[in-house]
Amino acid sequence: MKTFTELPRYRRLLSLWLLLAAQPLVLAQAGNVVNLQIKADQITAKMPPTFHGLMTEEINYAFEGGLYPELIRNRNFKEFVPARQNRQNPQASTPAKEPKDLVHWSLVEERGGAGSMMLDTGAPLNAAVPATLKLTVARATGNQKVGVSNDGFWGIPVKPDTTYKVMFYAKSAPDYAGGMAASIVSNDGTTVAATAQVPKLTAAWQKYELTLKTGNVKASAENRFVLSANKPGTVWIGFVSLFPPTYKDRPNGFRKDTMELLAGLKPEFLRFPGGNYLEGNTFATRFNWKTTLGPVEERPGHFNDAWGYWSSDGMGLLEYLNWCEDLHMEPVLAVFAGYSLRGEKVKPGPELDVFIQEALEEIEYVSGDTSTTWGARRAKDGHPAPFKLRYVEIGNEDFFDREKGSYDARFTAFHDAIKAKHPDLLLIETGGTSAALLTTRTADVNDDHYYRGSDEMAFNANNYDSRVRVNRGGGPGAPAAPPVPKVFVGEWATRVGSPTPNMEAALGDAANMAGLERNADVVMMHCYAPLFVNVNPGAMQWTSDLIGYDTMSVYGSPAYWAQQMFANHVGDSVLNIAASGIPAREWVQQPRPARPTGPGQSAPAPTAFVPPTPMPRMMPDMFFSATKDDGTVYVKIVNRSTVPQAVHITLTGLTSVAPTAKTITLSSASTNDTNSITDPHKVEPVTANISGVGPDFTHTVPASSFTVLELSGK
Ligand code: AHR
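Residues numbered from 1 in each chain as written. Predicted model: local features only at pLDDT ≥ 70, side-chain atom pairs only at ≥ 80, totals over all residues. Heavy atoms only, no water.

**Q** Hey, could you go over the environment of Lys714 for me, with residue numbers and the actual values?
**A** If you trace the backbone, Lys714 turns up in the segment after β35 (705-713). Along the chain, Lys714 and Pro244 lie 470 residues apart, while their C-alpha atoms are 49 Å from each other. Sequence-distant contacts of Lys714, defined by excluding residues within four places in its chain, comprise Leu654, Thr655 and Ser656. (Helix = DSSP H or I, 4+ residues; strand = E, 2+ residues; numbered from the N terminus. Contact = heavy atoms within 4.5 Å.)

This is the structure:
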């Protein structure tokens, strides 16, 4: 069978016409040849050194049971679960659970063994763990077993020939003369994947470390972790940890398969720790970095009320930085700026000074040498070398603080204090796209956030073409105007598909990234959000997340692959590119649905006025960008139309162009196609070689596709 490009011209035109006729919405030129002119000797921007990055926060169980691979859930017995009301289906409502309910822990009594467990406030481990698990064994002789089991984060993953590290604190009452066994056991109790023993417990708290090595076992998630006693008497368990192997074997490090997927994105920076997670619903539940430091058993953890679940804070400030180190990323450190999600805030003055001081100390913890107080603390925590820090973000989405002048004043106070000590740090503001909230100081960088549907994303994909680049100031004689801030697109995504985006979303994303890359003189960095979702029922708070995972495996969505294709074909310079004959279609922006009114909120006024009916506007269906580095030109072509498109490319400014080239293409039979745990590779880029390439050639890209052309030219 012939491919499309091998068909005679009249057959190609006929099939394109037939496809076109079947697409009533496509109004202009779909199927016509699109002309793309690339001037390789005209550089419109140098690619910024940190252009593609990652945005992260604790959402959708991103770290708890995710990238931070602690397998024990509720390891310090402090977890609680608020009551959940289900108005549609009251039967599905769930009552609150308190720490005393020891969520995720169960009593194990086997083969006639008998005992009980409770949370005991009379035997604290330390200030961070004021109550511990008391196990009273009434009967345990011979092979009888009494213990406690933990069900982990949607199961405990067992993989063959794998070594797991166990750490726990325990002590015994004088009536107990036995030891303690640690095991990974199948949920039905029939298979022990691995087990190890502590021969004898002591009367004082003691830390125990064991290894559990599996053999040729079947991989499965249907397991639990069991600590069991072998004699009658009383024991206390103070803290329990079970770790699988980590990426680069880092202690308290990161899940291997997920890190490998992230490494494929070649990320250049990491924006952390949020997002809403930075702010918390109240000051008390913000990301309080100081309580996330040190040995894990000394971290109290906190309730992540921004997203509704317990955070162990195993993923603390140093772990974010270690993550940067493992993937060679620069930190983009977001500091708490005295404003929380439910509107709690402080004005500049002594109350805000507390948070400014906290931010200065945090910066010192990250980047100070060991002669500084917080640099020395970082060294004590295991990392003497300072981390390179260039970007600090003041707050998150402070455009939600609608009080006139509030963010302006808070930003000014942070700005002046930080710049006084660290004049070279670039400060990022979060007041919104126009930065209109700031009047007295200019940020170095504006953080833009946008989440859109696929048409809306495509419609806006060329927005940065018209971004103001130069501050013209007040005219002759006026003082020099400050430079216009650069753009950091700190959160963005095409939200189509759940839990992870589908091919349609990937095309919206690719269109947006073509616009970002083409405007790299003003857009200096960008990162998609959210990054992760645990696909298990009940784990997701936000749909359309780049990477999905469960206990056993991880996969990249089509949107992941679109990111990967951009990030693996960056180049060092952006080239002048002009396109004509781009297919376009009419698009009507649908009004956003009104926000539902909550209890106590007044309903919107009944039909006080009728909003105007939106008029159709023309939306391009193709998007382009071109970059180059020594000897290679990368042309990115996004085709959102439902027909293949012939693209006539002329390349000037090169002395020679090789006759063959490489294409990397992301496409699928349907834009609804997606990847999942059970079908992780359905939509992935395909690499091919093409011939007939030169300074003037035509290449046809498939319908609904994203293509990178890798041309060799000097
Ligand atoms: O990415 C999800 C949330 O969207 C972030 O936490 C917040 O900054 C934004 O509103």
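**Q** Break down the nonpolar core for me, citing the residues and quoting the values.
**A** By size, the foremost hydrophobic cluster in this structure holds 132 residues, and its most contacted members are Leu262, Trp323, Ile394, Phe414, Phe532 and Phe706. For Trp323, the residues in contact, after removing those within four places along its chain, are Leu54, Thr56, Phe63, Leu67, Phe254, Met259, Leu262, Leu270, Met315, Met329, Leu531 and Phe532. Counting 38 residues, the second-largest nonpolar core is a separate cluster that includes Phe77, Val137, Met180 and Val235. (Core = buried A, V, L, I, M, F, W, Y, C linked by side-chain atoms within 4.5 Å. Buried < 20%, exposed > 50% of the residue type's maximum accessible area, 1.4 Å probe, protein only.)

**Q** Describe helix α6 (residues 373-380), naming the residues involved and giving the relevant values.
**A** Listing the buried residues of α6 in full gives Trp374, Gly375 and Arg378. The buried residues of α6 all sit within an arc of 105 degrees when viewed along its axis, so they share a single face. In α6, those exposed residues whose orientation departs by more than 90 degrees from the buried face are Thr373 and Lys380. Of the surrounding elements, those touching the buried residues of α6 are α4 (317-326) and α5 (350-367). In the stretch just after α6, Gly382 is the one whose phi turns positive, near 115 degrees. (Arc of directions from axis to C-beta.)

**Q** Any details on the sheet that holds strand β30 (residues 632-639)? Residues and values, ideally.
**A** With mixed pairing, the nine strands of this open sheet are ordered in space as β33-β32-β35-β30-β29-β26-β2-β31-β34. The open sheet terminates on both sides in strands that have one partner only, identified here as β33 (686-690) and β34 (696-701). On average, adjacent strands in this sheet sit at an angle of 25 degrees to one another, irrespective of strand direction. In this sheet, β34 lies alongside strand β31 (residues 645-652) in antiparallel orientation, the contact comprising six bridges. Note on β34: the bridge partner recorded for Val647 is His699. Sitting on the sheet, helix α9 (residues 503-518) touches β2 (34-46), β26 (573-580), β29 (622-629), β30, β32 (657-667) and β35, and the angle it makes with β29 is about 50 degrees. (Pairing = 2+ DSSP bridges. Axes fitted to C-alpha atoms, helices over the stretch in contact; angles between N-to-C directions.)

**Q** Requested: an account of unusual backbone geometry, with residues and values cited.
**A** With an omega of 0 degrees, the peptide bond between Ser498 and Pro499 qualifies as cis. One can find Pro499 in the loop between β21 (486-494) and α9. Omega for the bond connecting Ala529 with Pro530 falls within 30 degrees of zero, at -15 degrees, which places this linkage in the cis form. With respect to the helices, strands and loops of the structure, Pro530 is situated in the loop between β22 (523-528) and β23 (532-534). Positive phi, normally seen in glycine, also occurs at Trp154, with a value near 55 degrees. Among the structural elements, Trp154 can be located in the loop between β7 (145-150) and β8 (163-172). Trp154 gets classed as partly exposed once you look at its relative accessible area, which sits at 26%. Not every positive phi belongs to a glycine, and Lys266 is a case in point at roughly 45 degrees.

**Q** Outline the packing of aromatic side chains, supporting the account with residue identities and numerical values.
**A** Using the criterion set out here, one finds 29 aromatic pairs in the structure. A ring pair is formed by Phe283 and Phe336, whose centres lie 5.3 Å apart and whose planes are at 85 degrees; its orientation type is edge-to-face. One end of the pair, Phe283, is in the loop between α3 (276-279) and β15 (302-304); the other, Phe336, is in the loop between β17 (330-335) and α5, and 53 residues separate them in sequence. This pair shows no difference in class: Phe283 is buried, exactly as Phe336 is. Centroid distance Phe566 to Phe706: 5.0 Å. Interplanar angle 15 degrees. Geometry classified as stacked. Here Phe566 is found in helix α10 (residues 558-567), whereas its partner Phe706 is found in strand β35, with 140 residues between them in sequence. Both residues of the pair, Phe566 and Phe706, belong to the buried class. (Phe/Tyr/Trp six-rings, centres within 6.5 Å; stacked < 30°, edge-to-face > 60°.)

**Q** Outline the site of the ligand, supporting the account with residue identities and numerical values.
**A** Taken together, Glu57, Gly275, Asn276, Trp307, Asn396, Glu397, Tyr451, Glu491, Pro530 and Trp542 form the complete shell of residues around the ligand. With respect to the ligand, the side chain of Glu57 contributes an N or O atom lying 2.5 Å from an oxygen atom. Here an oxygen atom of the ligand sits 2.7 Å away from a polar atom, N or O, in the side chain of Tyr451. Among the residues forming the shell around the ligand, the class breakdown is four nonpolar, three polar and three charged. (Near = heavy atom within 4 Å. Polar contact = N/O pair within 3.5 Å; in protein donor to acceptor, adjacent residues only side chain to side chain. Nonpolar A, V, L, I, M, F, W, Y, C, P; charged D, E, K, R; others polar.)

**Q** Got a sec to walk through the pairing of strand β18 (residues 391-394)? Specific residues and values, please.
**A** Of the two faces of β18, the one carrying Tyr391 and Glu393 and the one carrying Val392 and Ile394 are both buried. Sheet topology note: the β17/β18 ladder contains four bridges and is parallel. Bridge pairing in β18 places Val332 opposite Tyr391. In this sheet, strand β19 (residues 426-429) lies alongside β18 in parallel orientation, the contact comprising three bridges. Opposite Glu393, over in β19, you have Ile428 as the bridge partner. The parallel pair β18 and β19 is bridged by helix α7 (residues 406-421), and the resulting crossover is right-handed. (Right-handed = clockwise from strand over helix to strand, strands pointing away.)

**Q** Any chance you could break down the side chain of Ser406 for me, citing the residues and the numbers?
**A** The topology assignment puts Ser406 in helix α7. A relative accessible area of 9% places Ser406 in the buried class. Ignoring sequence-local partners within four residues, the contact set of Ser406 consists of Lys345 and Asp401.

**Q** Please give an account of the sheet that holds β23 that cites residues and values.
**A** Taken in spatial order, the three strands make up an open sheet running β23-β24-β25, and their pairing is mixed. In the strand order of this sheet, the two ends are held by β23 and β25 (554-556), each with one partner. Neighbouring strand axes in the sheet, compared pairwise and without regard to direction, differ in orientation by 20 degrees on average. Here strand β24 (residues 547-549) runs beside β25; their pairing, made up of three bridges, is antiparallel. Along β25, the bridge assignment pairs Tyr549 with Val554.

**Q** Which residues make up the environment of Val470, and what are the values?
**A** Residue position: Val470 is located in the loop between α8 (454-459) and β21. Judged by its relative accessible area of 48%, Val470 falls in the partly exposed class. Spatially, the C-alpha atom of Val470 lies 9.2 Å from that of Pro482, the residues being 12 residues apart in sequence.

**Q** Please give an account of α5 that cites residues and values.
**A** Between its first and last C-alpha atoms α5 spans 26 Å; for 18 residues at 1.5 Å apiece the expected length is 26 Å, and the two agree. All of the buried residues in α5 are Leu352, Phe355, Ile356, Glu358, Ala359, Leu360, Glu361, Glu362, Ile363, Glu364, Tyr365 and Val366. (Expected span 1.5 Å × (residues − 1).)

**Q** If you had to explain the packing of α5 against α6 to someone new, which residues and values would you point to?
**A** Where α5 meets α6, the axes come as close as 7 Å, and the angle between the chain directions of the two elements is 50 degrees. Put simply, α5 runs oblique to α6. Seen along the crossing, α5 lies across α6 with a hand that is right-handed. The segment α5 lies against α6, with Glu361, Glu364, Tyr365, Val366 and Ser367 engaging Thr373, Trp374, Gly375, Arg377 and Arg378. Class assignment for the residues of the contact of α5 with α6 results in three nonpolar, three polar and four charged. (Parallel < 35°, antiparallel > 145°, perpendicular 65-115°, else oblique. Left-handed = near helix turned anticlockwise from the far one by under 90°.)

**Q** I'd like a description of the pattern of salt bridges, backed by residues and values.
**A** On inspection of all chains with the given rule, the structure shows 33 salt bridges. In this structure, Arg73 engages Glu79 in a salt bridge whose closest nitrogen and oxygen atoms are separated by 3.7 Å. Both residues of the pair, Arg73 and Glu79, count as buried. Glu710 is paired through a salt bridge with Lys662; the nearest N and O atoms lie 3.9 Å apart. Linking Glu710 in strand β35 with Lys662 in strand β32, this pair joins segments that are 48 residues apart in sequence. Overall, Glu710 belongs to the partly exposed group, its relative accessible area being 22%. What you see here is one network of salt bridges that share partners, running through Lys345, Lys347, Asp398, Asp401, Glu403 and Arg410. (Salt bridge = Lys/Arg side-chain N within 4 Å of Asp/Glu carboxyl O.)

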